[in-house]
Amino acid sequence: MPHNLIKVYNELLDLLAYSESQRTESLKRIFNRDIAENLGFAFRTKKINPTTAEGEDTMERFFRHLTTKITDKSINKREFDISRSKRLHWIKFHIEESKKDNMKVFSVQEPQGVRTYIYDVDEQYVIILEPMRNKEEYYLLTAYYMEGKDAARNKMDKKYKRRLDALV
(Lines give C-alpha, C1' and ligand atoms only; values in the text may rest on other atoms or scores of the structure.)
Protein backbone atom coordinates (compact mmCIF):
# COMPACT_ATOMS: atom_id res chain seq x y z
CA MET A 1 0.00 0.00 0.00
CA PRO A 2 2.72 2.57 0.79
CA HIS A 3 4.13 2.05 -2.70
CA ASN A 4 1.24 4.13 -4.08
CA LEU A 5 2.79 7.13 -2.32
CA ILE A 6 5.79 6.96 -4.63
CA LYS A 7 3.78 6.81 -7.85
CA VAL A 8 4.27 9.78 -10.17
CA TYR A 9 2.38 11.21 -13.13
CA ASN A 10 1.37 9.36 -15.41
CA GLU A 11 1.60 6.10 -13.52
CA LEU A 12 -1.64 4.71 -12.15
CA LEU A 13 -2.18 3.77 -8.52
CA ASP A 14 -2.46 0.07 -7.69
CA LEU A 15 -5.86 -0.40 -6.05
CA LEU A 16 -7.58 -3.52 -7.33
CA ALA A 17 -5.70 -6.03 -5.17
CA TYR A 18 -6.77 -4.29 -1.96
CA SER A 19 -9.80 -4.73 0.20
CA GLU A 20 -12.14 -1.75 0.34
CA SER A 21 -10.65 -0.53 3.64
CA GLN A 22 -7.05 -0.93 2.39
CA ARG A 23 -7.93 0.89 -0.82
CA THR A 24 -9.53 3.74 1.13
CA GLU A 25 -6.50 3.97 3.43
CA SER A 26 -4.11 4.14 0.47
CA LEU A 27 -6.18 6.83 -1.25
CA LYS A 28 -6.57 8.82 1.97
CA ARG A 29 -2.78 8.93 2.40
CA ILE A 30 -2.40 10.45 -1.06
CA PHE A 31 -5.34 12.80 -0.56
CA ASN A 32 -3.96 14.02 2.78
CA ARG A 33 -0.43 14.49 1.43
CA ASP A 34 -1.42 16.27 -1.80
CA ILE A 35 -4.58 18.13 -0.80
CA ALA A 36 -5.93 18.10 2.77
CA GLU A 37 -2.61 18.73 4.54
CA ASN A 38 -0.99 20.70 1.71
CA LEU A 39 -0.97 24.30 2.94
CA GLY A 40 0.25 25.47 -0.46
CA PHE A 41 -2.58 23.84 -2.42
CA ALA A 42 -3.25 26.63 -4.92
CA PHE A 43 -3.67 27.23 -8.63
CA ARG A 44 -1.70 30.21 -9.90
CA THR A 45 -1.46 31.64 -6.38
CA LYS A 46 -5.21 31.28 -5.73
CA LYS A 47 -5.96 28.96 -2.83
CA ILE A 48 -8.14 25.93 -3.61
CA ASN A 49 -10.96 25.02 -1.26
CA PRO A 50 -13.39 22.12 -1.11
CA THR A 51 -17.06 22.81 -1.62
CA THR A 52 -19.08 22.65 1.56
CA ALA A 53 -22.42 21.14 2.48
CA GLU A 54 -24.46 21.57 5.62
CA GLY A 55 -23.91 18.74 8.09
CA GLU A 56 -21.04 17.07 6.20
CA ASP A 57 -17.35 16.91 7.01
CA THR A 58 -15.80 19.09 4.32
CA MET A 59 -12.64 17.06 3.70
CA GLU A 60 -14.53 13.75 3.76
CA ARG A 61 -16.97 15.12 1.20
CA PHE A 62 -14.06 16.41 -0.89
CA PHE A 63 -12.33 13.02 -0.78
CA ARG A 64 -15.56 11.25 -1.75
CA HIS A 65 -16.05 13.64 -4.67
CA LEU A 66 -12.59 12.86 -6.04
CA THR A 67 -12.81 9.07 -5.72
CA THR A 68 -16.44 8.31 -6.59
CA LYS A 69 -18.95 9.19 -9.27
CA ILE A 70 -22.70 9.63 -9.34
CA THR A 71 -24.43 6.41 -10.38
CA ASP A 72 -28.01 7.48 -9.69
CA LYS A 73 -28.79 11.18 -10.10
CA SER A 74 -32.32 10.85 -8.74
CA ILE A 75 -30.99 10.06 -5.25
CA ASN A 76 -27.48 11.51 -5.70
CA LYS A 77 -25.96 8.05 -5.15
CA ARG A 78 -22.17 7.85 -5.49
CA GLU A 79 -20.02 4.74 -5.94
CA PHE A 80 -16.29 4.09 -6.03
CA ASP A 81 -14.76 5.06 -9.38
CA ILE A 82 -11.54 3.25 -10.23
CA SER A 83 -10.74 5.65 -13.10
CA ARG A 84 -10.80 8.72 -10.84
CA SER A 85 -9.18 7.00 -7.90
CA LYS A 86 -6.14 5.55 -9.66
CA ARG A 87 -5.36 9.09 -10.91
CA LEU A 88 -5.86 10.88 -7.57
CA HIS A 89 -2.15 11.78 -7.39
CA TRP A 90 -2.44 13.56 -10.76
CA ILE A 91 -4.45 16.41 -9.26
CA LYS A 92 -1.53 18.10 -7.50
CA PHE A 93 0.70 17.57 -10.55
CA HIS A 94 -1.79 19.37 -12.79
CA ILE A 95 -2.73 22.08 -10.29
CA GLU A 96 0.98 22.95 -10.07
CA GLU A 97 1.10 23.00 -13.88
CA SER A 98 4.03 20.62 -13.95
CA LYS A 99 3.10 19.42 -17.43
CA LYS A 100 3.59 22.08 -20.09
CA ASP A 101 2.91 20.30 -23.39
CA ASN A 102 -0.51 19.46 -24.76
CA MET A 103 -2.40 21.15 -21.93
CA LYS A 104 -5.43 23.39 -22.27
CA VAL A 105 -6.11 25.74 -19.37
CA PHE A 106 -9.12 27.98 -19.86
CA SER A 107 -12.27 29.46 -18.36
CA VAL A 108 -15.76 29.13 -19.84
CA GLN A 109 -19.10 30.69 -18.99
CA GLU A 110 -21.38 27.74 -18.16
CA PRO A 111 -25.07 27.82 -17.17
CA GLN A 112 -23.96 27.32 -13.52
CA GLY A 113 -21.38 30.12 -13.72
CA VAL A 114 -17.77 30.46 -14.80
CA ARG A 115 -15.67 27.31 -14.65
CA THR A 116 -11.92 26.97 -15.12
CA TYR A 117 -10.68 23.80 -16.77
CA ILE A 118 -7.25 22.21 -16.62
CA TYR A 119 -7.29 19.67 -19.43
CA ASP A 120 -4.52 17.18 -20.17
CA VAL A 121 -5.12 16.34 -23.82
CA ASP A 122 -2.74 13.36 -23.93
CA GLU A 123 -4.23 11.64 -20.90
CA GLN A 124 -7.85 12.82 -21.39
CA TYR A 125 -7.85 14.08 -17.81
CA VAL A 126 -9.71 17.15 -16.62
CA ILE A 127 -9.84 19.19 -13.42
CA ILE A 128 -12.67 21.66 -12.93
CA LEU A 129 -12.33 24.71 -10.70
CA GLU A 130 -14.91 27.35 -9.88
CA PRO A 131 -13.91 30.84 -8.73
CA MET A 132 -15.22 31.74 -5.29
CA ARG A 133 -17.26 34.91 -4.96
CA ASN A 134 -14.19 36.92 -3.97
CA LYS A 135 -12.43 35.74 -7.19
CA GLU A 136 -9.23 35.30 -5.12
CA GLU A 137 -9.78 31.60 -4.41
CA TYR A 138 -11.19 28.55 -6.16
CA TYR A 139 -13.41 25.63 -5.33
CA LEU A 140 -12.16 22.35 -6.76
CA LEU A 141 -15.35 20.85 -8.13
CA THR A 142 -14.02 17.60 -9.56
CA ALA A 143 -11.27 15.79 -11.44
CA TYR A 144 -11.78 12.83 -13.72
CA TYR A 145 -10.58 10.75 -16.63
CA MET A 146 -12.70 11.37 -19.72
CA GLU A 147 -14.04 8.17 -21.15
CA GLY A 148 -17.06 6.92 -23.02
CA LYS A 149 -19.45 9.56 -24.32
CA ASP A 150 -17.50 12.52 -22.90
CA ALA A 151 -14.31 11.56 -24.75
CA ALA A 152 -16.11 10.47 -27.91
CA ARG A 153 -17.96 13.72 -28.45
CA ASN A 154 -14.94 15.98 -27.91
CA LYS A 155 -16.56 17.71 -24.95
CA MET A 156 -13.43 19.64 -23.95
CA ASP A 157 -12.67 20.82 -27.48
CA LYS A 158 -16.17 22.32 -27.70
CA LYS A 159 -15.72 24.08 -24.36
CA TYR A 160 -12.27 25.31 -25.39
CA LYS A 161 -13.76 26.96 -28.49
CA ARG A 162 -16.08 28.95 -26.19
CA ARG A 163 -13.29 29.96 -23.77
CA LEU A 164 -13.13 33.41 -22.25
CA ASP A 165 -10.26 35.74 -23.16
CA ALA A 166 -8.70 35.37 -19.70
CA LEU A 167 -8.73 32.87 -16.85
CA VAL A 168 -11.17 33.71 -14.10
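Residues numbered from 1 in each chain as written. Predicted model: local features only at pLDDT ≥ 70, side-chain atom pairs only at ≥ 80, totals over all residues. Heavy atoms only, no water.

(A) Region of the structure containing the side chain of Asn-49. By secondary structure assignment, the location of Asn-49 is in strand β2 (residues 46-49). Relative accessible area serves as the criterion here: at 12%, Asn-49 is assigned to the buried category. With residues near it in sequence (within four places) discarded, Asn-49 still touches Met-132, Glu-137, Tyr-138, Tyr-139 and Leu-140. (Helix = DSSP H or I, 4+ residues; strand = E, 2+ residues; numbered from the N terminus. Buried < 20%, exposed > 50% of the residue type's maximum accessible area, 1.4 Å probe, protein only. Contact = heavy atoms within 4.5 Å.)

(B) Molecular detail of the nonpolar core. With 24 residues, the main nonpolar core has Leu-66, Ile-91, Ile-95, Ile-127, Leu-129 and Leu-140 as its most contacted residues. With 4 residues, the single largest contributor to this core is helix α1 (residues 20-36). Once residues lying within four places of it in the same chain are set aside, the contact partners of Leu-66 are Phe-31, Ile-35, Arg-84, Ser-85, Leu-88, Ile-91, Leu-140, Thr-142 and Ala-143. Core analysis: the next-biggest nonpolar cluster, separate from the first, contains 10 residues, Phe-106, Val-126, Leu-141 and Tyr-144 among them. (Core = buried A, V, L, I, M, F, W, Y, C linked by side-chain atoms within 4.5 Å.)

(C) Representation of the sheet that holds strand β7 (residues 125-131) within the structure. Judged by pairing direction, the sheet is mixed, and its 6 strands sit side by side in the order β1-β2-β8-β7-β6-β5 without closing on themselves. Edge strands, defined here as strands with exactly one partner in the open sheet, are β1 (42-43) and β5 (103-110). (Pairing = 2+ DSSP bridges.)

(D) Looking closely at the environment of Arg-162. Along the polypeptide, Arg-162 turns up in the segment after α6 (155-161). Each C-alpha atom of the pair Arg-162 and Ser-107 lies 8.7 Å from the other, and the pair is 55 residues apart in sequence. Beyond its immediate stretch of four places on either side in the chain, Arg-162 contacts Val-108, Gln-109 and Glu-110. A distance of 3.3 Å separates a polar atom in the side chain of Arg-162 from the backbone oxygen of Gln-109. Only 3.4 Å separates the side chain of Arg-162 from the side chain of Glu-110, close enough to count as a polar contact. (Polar contact = N/O pair within 3.5 Å; in protein donor to acceptor, adjacent residues only side chain to side chain.)

(E) Summary view of the packing of aromatic side chains. Tallying each qualifying case throughout the model produces 8 aromatic pairs. Taking 5.4 Å as the distance between ring centres and 70° as the angle between the ring planes, the aromatic pair formed by Phe-31 and Phe-63 counts as edge-to-face. Of this pair, Phe-31 sits in helix α1 while Phe-63 sits in helix α2 (residues 58-67), and the two are 32 residues apart along the sequence. Phe-63 gets classed as buried once you look at its relative accessible area, which sits at 6%. Judged by centre distance (5.2 Å) and plane angle (75°), the rings of Trp-90 and Tyr-125 are edge-to-face. Here Trp-90 is found in helix α4 (residues 90-95), whereas its partner Tyr-125 is found in strand β7, with 35 residues between them in sequence. Both residues of the pair, Trp-90 and Tyr-125, count as buried. Over the ring of Tyr-160 we find Lys-104, and its NZ or CZ is 4.7 Å from the ring centre. Across from the ring centre of Tyr-160, 3.9 Å away, lies the NZ or CZ of Arg-163, which sits over that ring. (Phe/Tyr/Trp six-rings, centres within 6.5 Å; stacked < 30°, edge-to-face > 60°. Lys NZ or Arg CZ within 6 Å of the ring centre and 35° of its normal.)

(F) Looking closely at α1. The end-to-end C-alpha distance of α1 is 21 Å, clearly below the 24 Å that 17 residues give at a rise of 1.5 Å each. Of the positions making up α1, those classed as buried are Arg-23, Ser-26, Leu-27, Ile-30, Phe-31, Asp-34 and Ile-35. The buried residues of α1 occupy one face: seen down the axis, they fall within an arc of 135°. Those residues of α1 hidden inside the fold are in contact with α2, β4 (77-80), α3 (82-85) and α4. (Expected span 1.5 Å × (residues − 1). Arc of directions from axis to C-beta.)

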